[in-house]
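Descriptive structure summary
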Amino acid sequence: ISVTGTAEIQVKPDQAVLTFTIETRKKTLAETTAANDKSIAQVVKFLNSAGVKDSEVRTDMVRIDPIYQQQKNRYKAQIMQSSLPAPNTSNVALPADTDEFKLEPVGYTAQRGISVEVNDLSDLESIYKGLLANGVNKVQGVTFRTTDLRRHRDQARLNAIKAAREKANALAEALDAQLAGVQTINESSMRPSPNYLLQNSFSVSGAGSSNGGSFAEGLIKVNASISVVFRLKDTDFGNDAKEK
């Protein structure tokens, strides 16, 4: 008999991860990087004052991009706007700046993505608001996690095995058969479903929040799925058929 047992455990989170971006825009590359570094230093200073350890802060992304302004070539623009048919310019030497669009950088943007672990959920709201007040201008989200995932996953696995055995016993009993043992067993890879808040989101009233603030953590779902093939003991099905 081949059966699949599944189980789900709902776990209260005890950790949150804030993911945010600091973005700056200036005219020159030097000004842009300097402004971004200054904002980063300000954020790090705030996090240190809030009791966040350096090991709980991680840089996820660094990006610097030029900002371009498109300028149409005047020569081709005049041809396109003319009511007369465009002349054959295949054999005419064009000026050096006759590209259809000429790209010129008019500034630069620098982005630094950072994630912060918050191990005391009672500090989550103050850290979140403090980041926004100290230079963070983009918040990707807040993810709630559990630091005891291994234990919860093991428990979910045992529950799934129990469910598979109960299902196999029920099927065997319906067939007037008995289980003889296990032939194969496989576990499907299932990740926990983290509870998260999207960019810049708060719960309105704070209902359901255990930290006394405006974040409602909810519960994390830890799932397990086990597929088992059981052997059956010999039955008298063949003899019964002959007697009939």
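All of these numbers come straight from a predicted model, not from anything done at the bench.

Conventions used here
Residues numbered from 1 in each chain as written. Predicted model: local features only at pLDDT ≥ 70, side-chain atom pairs only at ≥ 80, totals over all residues. Heavy atoms only, no water. pLDDT = per-residue confidence, 0-100. Contact = heavy atoms within 4.5 Å. Salt bridge = Lys/Arg side-chain N within 4 Å of Asp/Glu carboxyl O. Helix = DSSP H or I, 4+ residues; strand = E, 2+ residues; numbered from the N terminus. Buried < 20%, exposed > 50% of the residue type's maximum accessible area, 1.4 Å probe, protein only. Pairing = 2+ DSSP bridges. Axes fitted to C-alpha atoms, helices over the stretch in contact; angles between N-to-C directions. Core = buried A, V, L, I, M, F, W, Y, C linked by side-chain atoms within 4.5 Å.

This part covers the confidence of the model for the protein. Of the residues in the protein, 70% have a pLDDT of 70 or more, and the chain-wide mean is 79. Segment residues 71-79: pLDDT under 50, and 17 contacts once partners within four positions in sequence are set aside and those in other chains are kept. The low-confidence segment residues 197-212 (pLDDT under 50) makes 33 contacts with residues lying over four places distant or belonging to another chain.

Time to look at the pattern of salt bridges. For the coordinates displayed, the defined rule picks out 11 salt bridges. Between R150 and D154 there is a salt bridge, with the nearest N and O atoms lying 3.4 Å from each other. Linking R150 with D154, this pair stays in helix α4 (residues 149-174), spanning four residues, or about one helical turn. On the basis of relative accessible area, R150 is assigned to the exposed category, the value being 63%. A salt bridge links R157 to D154, with the nearest nitrogen and oxygen atoms 2.8 Å apart. Pair noted here: R157 and D154 are both in helix α4, with a separation of three residues, about one helical turn. For R157, a relative accessible area of 24% gives the class partly exposed. Exposure remark for D154: the relative accessible area of 26% places this residue in the partly exposed category. Beyond isolated ion pairs, a larger network of salt bridges with shared partners links R150, D154, R157 and E187.

Further remarks concern the pairing of strand β8 (residues 220-232). Consecutive side chains of a regular strand alternate in pointing toward one face of the sheet and then the other. Where strand β1 (residues 2-11) and β8 come together, 10 bridges link them in antiparallel fashion. Looking at β8, one finds that T6 is bridged to S225. Here strand β6 (residues 179-188) pairs with β8 via eight bridges, running antiparallel. Residue L179 lies in a different strand from β8, and its bridge partner there is L232.

Our next topic: the sheet that holds β6. Read from one edge of the open sheet, three strands run β1-β8-β6, paired in antiparallel fashion. Two strands close off the open sheet at either side, each with one partner strand: β1 and β6. With direction set aside, neighbouring strand axes in the sheet form an average angle of 25°.

As a further point, take the side chain of H152. Position of H152 relative to the elements: it lies in helix α4. Excluding residues that lie within four positions of it along the chain, H152 makes contacts with I9, V11, T146 and V222.

What follows is about the nonpolar core. Counting residues in each nonpolar core, the largest one holds 21 residues, and the members touching the most others are L18, F20, L47, I127 and L131. Those elements that place two or more of their residues in this core are β2 (15-26), α1 (29-49), β4 (101-118), α3 (124-133) and β5 (138-145). Excluding anything up to four places from it in sequence, F20 contacts V43, R112, G113, I114, V116, L131, V136, K138, V139 and Q140. V11, A160, I226 and V228 belong to the second largest nonpolar core, which has 16 residues in total.

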